[in-house]
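# Fold and geometry: a report
What follows is each chain in one-letter form.
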Amino acid sequence: MSFIEGIKEKARQDVKTIVLPESEDERTLRAAAQVLREGTAKLILIGNEEKIKADAASYGVDVSGARIVDPENCAELDQYVNLLYELRKAKGMTPEKAKETLLGDHTTFGVVMLKNNEADGLVSGACHSTANTLRPALQILRTAPGAKLVSAFFVMDVPNCEYGNHGTFVFADCGLNQDPDSEQLAAIAADSAKSYESLVGGQAKVAFISHSTKGSAKHALVDKVVNAVKAAHEEYPELVCDGELQVDAAIVPSVAASKAPGSPVAGQANVLVFPNLDCGNSAYKLVQRLAKAEAYGPMLQGIAKPVNDLSRGCSYEDIVGVVAITAVQAQLASK
Ligand SMILES: CC(C)(COP(=O)(O)OP(=O)(O)OC[C@H]1O[C@@H](n2cnc3c(N)ncnc32)[C@H](O)[C@@H]1OP(=O)(O)O)[C@@H](O)C(=O)NCCC(=O)NCCS
Ligand SMILES: CC(=O)OP(=O)(O)O
């Protein structure tokens, strides 16, 4: 069974409610119809009911099983305005601004519903930038208890690939932290290992990626990664990790044998932690486009409730997959 079929199977065992705020997007409505058909989540679509129904009919898809919530015509709007105002008043929020934001930004509206425990997770970002998708989640939901920071990972499922877990990897950070320091990289590694183990299964083996393997290059960029490995060993002694490693040394056993002999991770890594967002974001897009991998994400880890982003280049099948993963994250969060 493929990674995503396994996730869908899990999602169906305890069905969660996921908010899709981008009802104006054709891929979102096509995905909603498929999610409802496959029974992997209950859905809340945010938007104007008549428009959603008309759009769905014009695409030939059935979203009648979804609950539609129209911010312009919502009995709970005053309650949400008050909640957003209370949460953000120290940052200059006013009741007027809160109302304007909730009516003008469906992602914020959905995040506030999540905060108000009316749903279990949210997926957005097919037609909004990552910054605009993630900012409301970071501001309103905030980090989970015990988490140092929120970061963004992808599950990459590479066809016909003998590396990682039969081609399945976690890549991080590919979407949020632009230039994490060594301590932040260590925390991203620990959270990515948890994401791998809870979603993919089996033991995570984390490689801290660099352009250097075990001292082959000297530079401040390398030092940052070397220090991240030290921090990870100190802070998370149970984590199976190593670095600094180039990508080939991390995933290819024969290269690992010559570049990093004796490493507990080299040649077997299934979690790749990139030194910055230029590397992480470019790496996932290259593997997705050139190796024709399925790329699910960017998904958040370390956030108080499951909120996941999408690339604006996503397909409707990507949205279906991320909804199922979000539902499984919601199951895990409720345990
Ligand atoms: C997400 C992002 C927009 C946040 O930056 P920003 O808009 O400048 O906003 P701030 O840094 O003020 O952060 C907003 C809030 O989120 C919190 N926050 C930001 N990053 C966080 C993180 N990694 N973990 C936890 N909280 C975080 C801040 O503490 C702040 O909270 P506050 O308003 O209560 O003080 C920014 O990190 C970003 O643009 N990342 C890259 C996104 C991207 O383009 N990715 C590539 C495509 S996937
Ligand atoms: C994840 C990502 O890169 O998002 P986008 O393509 O929307 O910028």
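Residues numbered from 1 in each chain as written. Chains lettered and ligands numbered in written order. Predicted model: local features only at pLDDT ≥ 70, side-chain atom pairs only at ≥ 80, totals over all residues. Heavy atoms only, no water.

- Under an unreviewed UniProt entry, the name given to the chain is Phosphate acetyltransferase, and the source organism is Stecheria intestinalis.
- UniProt, in its Sequence similarities (unreviewed entry) section for the chain, records the words "Belongs to the phosphate acetyltransferase and butyryltransferase family."
- A UniProt comment under Catalytic activity (unreviewed entry) is attached to the chain, and it reads "acetyl-CoA + phosphate = acetyl phosphate + CoA". (UniProt positions renumbered as here; feature names shortened; annotations may be inferred.)

## Structural notes on the layout of surface pockets
- Taken as a whole, the largest pocket spans an internal volume of roughly 750 Å³.
- Forming the walls of the largest pocket are 32 residues, and the residues nearest its centre are Asp191, Lys194, Ser195, Gln301 and Gly302.
- Of all the secondary-structure elements, those providing two or more residues to the lining of the largest pocket are helix H8 (182–199), strand E10 (294–301) and helix H13 (316–333).
- The leading source of residues in the lining of the largest pocket is H8, at 9 residues.
- For the lining of the largest pocket, the residue count by class is 18 nonpolar, 7 polar and 7 charged.
- Considered as a void within the structure, the second largest pocket measures approximately 380 Å³ in volume.
- What lines the second largest pocket is a set of 22 residues, and nearest its centre among them are Ser129, Thr130, Ala131, Gly175 and Arg312. (1 Å grid on protein atoms, 1.4 Å probe; cavity = no way out; pocket = protein on both sides within 12 Å on 5 of 7 lines; lining within 4 Å. Points joined across faces, edges and corners; volume = space filled by probe spheres on them. Helix = DSSP H or I, 4+ residues; strand = E, 2+ residues; numbered from the N terminus. Nonpolar A, V, L, I, M, F, W, Y, C, P; charged D, E, K, R; others polar.)

## Comments concerning the packing of aromatic side chains
- Counted by the stated rule, this structure contains 5 aromatic pairs.
- Residues Tyr80 and Phe109 carry aromatic rings whose centres are separated by 5.3 Å and whose planes lie at 80° to one another, so their mutual orientation is edge-to-face. Within this pair, whereas Tyr80 is found in helix H4 (residues 77–88), its partner Phe109 is found in helix H6 (residues 106–115), the two being separated by 29 residues in sequence. The burial state of Tyr80 is the same as that of Phe109; both residues are buried.
- Taken together, the aromatic side chains of Phe169, Phe171 and Phe274 make up a single cluster linked through ring pairs. (Phe/Tyr/Trp six-rings, centres within 6.5 Å; stacked < 30°, edge-to-face > 60°. Buried < 20%, exposed > 50% of the residue type's maximum accessible area, 1.4 Å probe, protein only.)

## Looking at empty space enclosed by the protein
- Within the structure shown, the criterion is met by 1 cavity of 30 Å³ or more.
- As a volume, the largest cavity reaches approximately 50 Å³.
- Taken together, Phe154, Tyr284, Gln288, Ala295, Gly297, Leu310, Ser311, Cys314 and Asp318 make up the full set of residues lining the largest cavity.
- Only helix H12 (277–290) and E10 provide two or more residues apiece to the lining of the largest cavity.
- Classifying every residue of the lining of the largest cavity gives 5 nonpolar, 3 polar and 1 charged.

## Some points on the site of ligand 1
- The full set close to ligand 1 counts 18 residues, and Arg88, Lys91, Arg135, Gly175 and Asn177 are the nearest of them.
- Here Val150 contributes a backbone N or O atom positioned 2.9 Å from a nitrogen atom of ligand 1.
- Within the contact set of ligand 1, a nitrogen atom lies 3.0 Å away from a backbone nitrogen or oxygen of Leu176.
- Coverage of ligand 1 by the protein chains reaches 65% of its 940 Å² of free accessible surface. (Near = heavy atom within 4 Å. Polar contact = N/O pair within 3.5 Å; in protein donor to acceptor, adjacent residues only side chain to side chain. Areas by Shrake-Rupley, 256 points an atom, 1.4 Å probe, with all protein chains shown as cover.)

## Details of the site of ligand 2
- Ligand 2 sits among Thr130, Asn281, Tyr284, Lys285, Pro298, Ser311 and Arg312.
- Within the contact set of ligand 2, an oxygen atom lies 3.0 Å away from a side-chain nitrogen or oxygen of Asn281.
- Within the side chain of Lys285, a nitrogen or oxygen atom sits 2.8 Å from an oxygen atom of ligand 2.
- Bound to the protein, ligand 2 loses 87% of the 260 Å² it would expose on its own.
- Here ligand 2 is seated within the second largest pocket.
- Here the shell around ligand 2 is composed, by residue class, of 2 nonpolar, 3 polar and 2 charged. (Sits in = over half its atoms within 2 Å of the grid points.)

## Quick look at the pairing of strand E7 (residues 206–209)
- Going residue by residue along E7, you find Val206 and Phe208 tucked away on one face and Ala207 and Ile209 tucked away on the opposite face as well.
- Bridging between E7 and strand E8 (residues 241–245) involves 3 bridges; their strand directions are parallel. Within the sheet, the bridge partner assigned to Val206 lies in E8 and is Cys241.
- Both E7 and strand E9 (residues 271–273) contribute to a ladder of 3 bridges, which runs parallel. Bridge pairing in E9 places Ala207 opposite Leu272. (Pairing = 2+ DSSP bridges.)

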